[in-house]
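Structural overview
Here is what each chain is made of, one letter per residue.
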Amino acid sequence: MSEAKPFDIPKRLVWDAYQRVKANRGAAGVDGVSLAAFETDLKSSLYKVWNRMASGSYHPPPVRLVEIPKATGGTRPLGIPTVADRVAQTVVTMVLEPRVEPYFHPDSYGYRPGRSALDAVGTARKRCWRTDWVIDLDIKAFFESMPRDLIERAVAHHTDLAWVKLYVGRWLCAPVEHPDGTLEERTRGTPQGGAVSPLLANLFLHYAFDQWMARVYPDLRFERYADDALVHCRSEAEARTVLEAIRGRLAKCGLELHPTKTRIVYCKDDDRPGEYEHVVFDFLGYTFQPRRAKNRWGDTS
């Protein structure tokens, strides 16, 4: 390691990061350079990424903003980094992920090795048989709202690598470029669409939600996939109390629950009669609703 290269970043790591980016494909960023164009002189392209990261001179370009239509109406802002920036972000992700993954909660499913949305849905279905009430949590503009200082504090808790902390900080500060070319400075959050963003989101919610739930409500089960979460409760009264506690906890962490999309749901079925305002909820693309089927004891209704 020379004075000009203060950070020990193996070239092989940059190559492996590029392989991940290639597998995930994706559109060009603000520079208009597609993956195919990046690969026309691949050795030079990857060397530039490594050289700048290892020397401490890497500064991420703005993130290209694209509005993606949501199935429920409205749009979701998606930030598309350049191909080179996706490689750089993946380098940091590959170093940071093994350091934080062992600490994550078993009921955190999103963007984790060996876990899937189907795993979360399957677990939720089993727990809905056992408990009568569900809190369906929806965090308002989660990726855009996370406080930067809390993200950086969580990262620093798990690594002493100066270059990892340096570049995470720079990505959190990178501006967004709108379709008309105007730049918007960001003071919070991490763009949804960046390679490092899912890991930072999981790390943030590990401390803001998962660990807090395990400490304050150790007997309550939940499933969380990124910012989508369900909490299972034994009574309506308990659900109301827990929901208000979660609302207060997230507010302390700079987050807000969506006022209309967050709701308490009664897991109504043939063994659980009665009426309630909400008896249906959606989780990760699957609808949970009352239906005539085998009950908890295997009897057919």
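Structure: above.
So, here's what we can say about the structure. All values derive from a computational prediction rather than experimental measurement. (Residues numbered from 1 in each chain as written. Predicted model: local features only at pLDDT ≥ 70, side-chain atom pairs only at ≥ 80, totals over all residues. Heavy atoms only, no water.)

Focus on the side chain of Thr190
Structurally, Thr190 can be placed in the loop between β5 (183-184) and α9 (197-216). Using a relative accessible area of 5% as the deciding quantity, one classes Thr190 as buried. At 2.8 Å, the side chain of Thr190 and the side chain of Ser197 are in polar contact. Ignoring sequence-local partners within four residues, the contact set of Thr190 consists of Phe143, Met146, Leu172, Ser197 and Leu200. (Helix = DSSP H or I, 4+ residues; strand = E, 2+ residues; numbered from the N terminus. Buried < 20%, exposed > 50% of the residue type's maximum accessible area, 1.4 Å probe, protein only. Polar contact = N/O pair within 3.5 Å; in protein donor to acceptor, adjacent residues only side chain to side chain. Contact = heavy atoms within 4.5 Å.)

Considering the sheet that holds strand β3 (residues 133-138)
Pairing is antiparallel across the open sheet formed by 4 strands, whose spatial order is β6-β7-β3-β8. Each edge of the open sheet carries a strand with a single partner, namely β6 (222-225) and β8 (263-266). Averaged over all pairs of adjacent strands, the angle between their axes in this sheet comes to 20°, without regard to strand direction. Taken together, the 6 bridges between β3 and strand β7 (residues 228-233) define a ladder with antiparallel strand orientation. Along β7, the bridge assignment pairs Leu137 with Ala229. (Pairing = 2+ DSSP bridges. Axes fitted to C-alpha atoms, helices over the stretch in contact; angles between N-to-C directions.)

Considerations on helix α10 (residues 236-252)
In this model α10 runs 25 Å from its N-terminal to its C-terminal C-alpha over 17 residues, within 8% of the 24 Å that 1.5 Å per residue would give. Looking only at α10, the buried set comprises Glu238, Ala239, Val242, Leu243, Ile246 and Leu250. Projected onto a plane normal to the axis of α10, the buried residues spread over an arc of 130° and lie on a single side. With respect to the buried face of α10, the exposed residues turned more than 90 degrees away are Ala237, Thr241 and Lys252. As for α10, its buried residues are in contact with β3, α9, β7 and β8. Once α10 finishes, Gly254 follows within two positions and takes phi at roughly 80°, a positive value. (Expected span 1.5 Å × (residues − 1). Arc of directions from axis to C-beta.)

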